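Geometric and topological summary
One letter stands for each residue in the lines below.
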Amino acid sequence: MNTQDKVKYVLHKFNCVSTRRSNYEPQWRDINKYILPERGKNFGGKTSEGSPINQQTFDSTAIKACEDLASGLQSMLTSPSARWFQLSPGDRYTTENSLAARDWIQTVENIMYFVFQSPQMKFYNNTHQCYLDIAAFGTAVMLIEADTQRRLIKFKSIQLDECYIDEDSFGEIDTLFRKFEYSPGQIIEEFRDNLSQESIFELEDMIEKSPTRKIEILHAVFPRRTRNEMSLLPQNMPYASFYIRLDKNEILSESGYREFPYVVPRWYTRSGEVYGTSPGMTCLSDVKMLNQMSKTTIVGARKRVQPAYQMPDDGFLEPLDVRPDAINYYRSGSTDRIEPINMAGDVGLGLDMEEQRRMSIRNTFYADLMFDNKTARMTTQEVLQREEARMRIMAPQLGRMHVEFMSPIIRRTFAILARFNLIPPMPEELNSTYLKPDYISPVARAQKVLQATNVQRMFEQMAGFAQIAPEIFDGISPDGLAKWLIDLYDAPANIQRSDEEKQQLRDQRQQMADTQMQMNLMQQGADIAQKTGLGAAGA
């Protein structure tokens with residue numbers, strides 16, 4: 001396939017995918033306007049850089065609720081101040097009995113957390129932007145690129161306005177087209193090695209004549225159906241990558257990826273749809289209604305505070321002046337006066353109706369579950385019950401975040417670090433197994449606390465029956481209980497003993513107990529002999 005055929009093929013795929021997105025754009029524009037005005041480019045609407053936002057917004061409840069949900073998701077799922085995942089092999093027995101395997105996994109985790117927390121990577125800044133997009137639009141996009149020259153991993157939240165996605169037969173996103181703008185200088189900096197000398201001269205001429213000019217670029221990433229799997233060249237990697245200059249239909253770069261570089265989490269997807277739905281979509285009608293109600297209430301309140309005036313068409317010597325301390329002259333002997341027009345509107349009713357809409361919007365963004373001021377005055381049992389209810393309500397969405405957001409980030413980051421040779425050699429014990437992430441975020445911890453509480457209740461009830469039937473505890477394995485608690489609370493691998501170490505400790509304990517028993521028996525025999533001897537001597 002020659003260069004022009006490749007361009008036609010990529011643009012044909014892009015046109016097919018972009019057609020599907022057009023049905024979502026009107027709703028996204030409203031969300032961009034009322035809920036997340038600082039994010040996005042108005043989805044096809046005309047905007048200019050630095051243009052004012054919130055010009056047509058009269059109530060910020062939805063904006064604040066969206067920000068609160070995004071902050072809550074970050075603290076629950078990928079908190080910067082706590083560890084939110086740990087790696088474990090598919091065979092837990094391997095790490096339980098291998099100190100080298102436990103140390104290697106702990107080292108790899110430390111390396112990955114160093115990457116996520118590094119200011120150069122800007123991971124947590126970009127994840128927060130993704131959570132904002134998820135709460136508002138239901139779909140977010142993050143690009144994870146490897147900077148081979150500086151040996152860095154670049155995390156970048158991409159505006160949904162630029163992206164067009166498609167999924168495979170299993171519902172996983174495997175195709176993404178990103179249409180964005182670069183200046184001529186950025187094109188030269190990014191693609192100099194692939195540009196012809198003629199193209200470089202043309203772009204440099206643009207910089208001189210129009211430095212602020214922007215050129216549309218299309219980045220296409222999709223599965224490569226036919227490839228030479230034995231080749232290590234970028235053109236034969238599992239995912240094809242094309243950068244195309246749209247004004248000239250010119251390929252700027254053709255390469256590939258070993259893993260899909262874009263992470264595309266969705267809040268919830270309806271059957272047969274690719275793009276996600278969101279709390280912002282659910283409450284959009286309430287948001288627009290509240291905005292109109294607030295505008296009406298403001299106008300009504302202004303009429304009450306600054307009412308219109310009525311006055312006779314004659315009798316006053318000068319135009320009416322309603323400024324403070326103003327003096328208005330009227331003809332002597334006239335009984336006409338300036339009087340305000342009393343409006344019959346009920347501003348209080350409008351405020352009550354607005355508060356109902358505000359409460360509905362906050363609840364749609366889960367404010368009643370994540371931010372409850374009454375929790376401080378609740379008992380421990382009530383807190384656990386509320387936490388259980390919260391997990392039950394938010395479990396589908398949070399589980400989807402694990403699958404579509406956190407897992408791809410961990411897999412892609414680990415793969416890039418391995419290619420940078422920043423991961424130490426894997427111990428032989430782990431060569432026959434695989435690694436998987438276990439999530440230890442506050443949400444996961446809360447779920448595990450509930451499990452531990454249920455087990456504690458079980459033991460409390462069994463203790464009561466043990467007074468009648470002590471053998472009730474014969475079915476409980478101490479080793480099994482210890483392993484379950486270790487897994488439940490994600491105890492560090494370096495504080496755990498292997499089965500051999502536990503057996504040696506038990507053998508030593510048994511040996512000490514046997515020795516102590518022998519010493520006690522010998523002491524008892526000596527005491528008996530001494531008493532017997534004394535008794536015989538006395539006789």
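That block above? That's the structure.
An account of the accompanying structure is given in this report. (Residues numbered from 1 in each chain as written. Predicted model: local features only at pLDDT ≥ 70, side-chain atom pairs only at ≥ 80, totals over all residues. Heavy atoms only, no water.)

1. Considering a nonpolar patch on the surface
A cluster of nonpolar residues, Y309, M311, L320 and V322, forms a patch on the protein surface that exposes about 350 Å² of accessible area. As for its position among the elements, L320 is in the loop between β10 (309-310) and β11 (339-340). (Patch = residues over 30% accessible without salt bridge, like charges linked within 9 Å, V, L, I, M, F, W, Y side chains within 5 Å. Areas by Shrake-Rupley, 256 points an atom, 1.4 Å probe, with all protein chains shown as cover. Salt bridge = Lys/Arg side-chain N within 4 Å of Asp/Glu carboxyl O. Helix = DSSP H or I, 4+ residues; strand = E, 2+ residues; numbered from the N terminus.)

2. Description of the environment of D346
By the secondary structure assignment, D346 is in the loop between β11 and α11 (347-364). Separated by 49 residues in the primary sequence, D346 and T297 have C-alpha atoms spaced 9.0 Å apart.

3. Observations concerning the sheet that holds strand β8 (residues 250-257)
Overall, antiparallel pairing links the five strands, which are arranged β4-β5-β6-β7-β8 in an open sheet. Lying at the two open borders of the sheet, with one neighbouring strand each, are β4 (163-167) and β8. Along the sheet, successive strands turn relative to each other by an average axial angle of 15 degrees, direction set aside. One ladder, built from five bridges, connects β4 with strand β5 (residues 173-182); its direction is antiparallel. In the strand pairing of β5, D166 is matched with T175. Contacts between helix α1 (residues 3-21) and the sheet are confined to β4, β5, β6 (215-223), β7 (239-245) and β8, with β4 contributing the most and set at about 90 degrees to the helix. Its contacts with the sheet place helix α7 (residues 184-191) against β5, β6, β7 and β8, and it is angled at close to 130 degrees to β5. (Pairing = 2+ DSSP bridges. Axes fitted to C-alpha atoms, helices over the stretch in contact; angles between N-to-C directions. Contact = heavy atoms within 4.5 Å.)

4. A short note on the pairing of β5
In terms of burial, β5 is largely enclosed, as eight of its ten residues are buried. Turn length for the β4-β5 hairpin, with the two strands adjacent in sequence and antiparallel, is five residues, and the turn residue G171 shows positive phi of about 80 degrees. With seven bridges connecting them, β5 and β6 associate as antiparallel partners. Following the sheet pairing, E181 is matched in β6 by E216. (Buried < 20%, exposed > 50% of the residue type's maximum accessible area, 1.4 Å probe, protein only.)

5. Comments concerning the packing of aromatic side chains
Applying the stated rule across the entire model yields 25 aromatic pairs. Pairing F14 with F177 gives two aromatic rings, centres 5.7 Å apart and planes at 55 degrees, and the pair type is tilted. Pair noted here: F14 is in helix α1 and F177 is in strand β5, with a separation of 163 residues, a long-range link. F14 sits in the buried class, given a relative accessible area of 8%. The class of F177 is buried, set by a relative accessible area of 0%. Their ring planes at 85 degrees and their centres at 6.5 Å tell us that W84 and Y113 sit as a pair that is edge-to-face. Placement of the pair is W84 in the loop between α3 (61-77) and β1 (85-89) and Y113 in helix α5 (residues 99-117), with a sequence separation of 29 residues. Across the pair, exposure class does not vary: W84 and Y113 are buried alike. Ring pairing ties together the aromatic residues W84, F85, Y113, F116, F123, Y124 and F155, which thus form one cluster. One cation-aromatic arrangement involves K13 over F222; the distance from NZ or CZ to the ring centre is 5.1 Å. (Phe/Tyr/Trp six-rings, centres within 6.5 Å; stacked < 30°, edge-to-face > 60°. Lys NZ or Arg CZ within 6 Å of the ring centre and 35° of its normal.)

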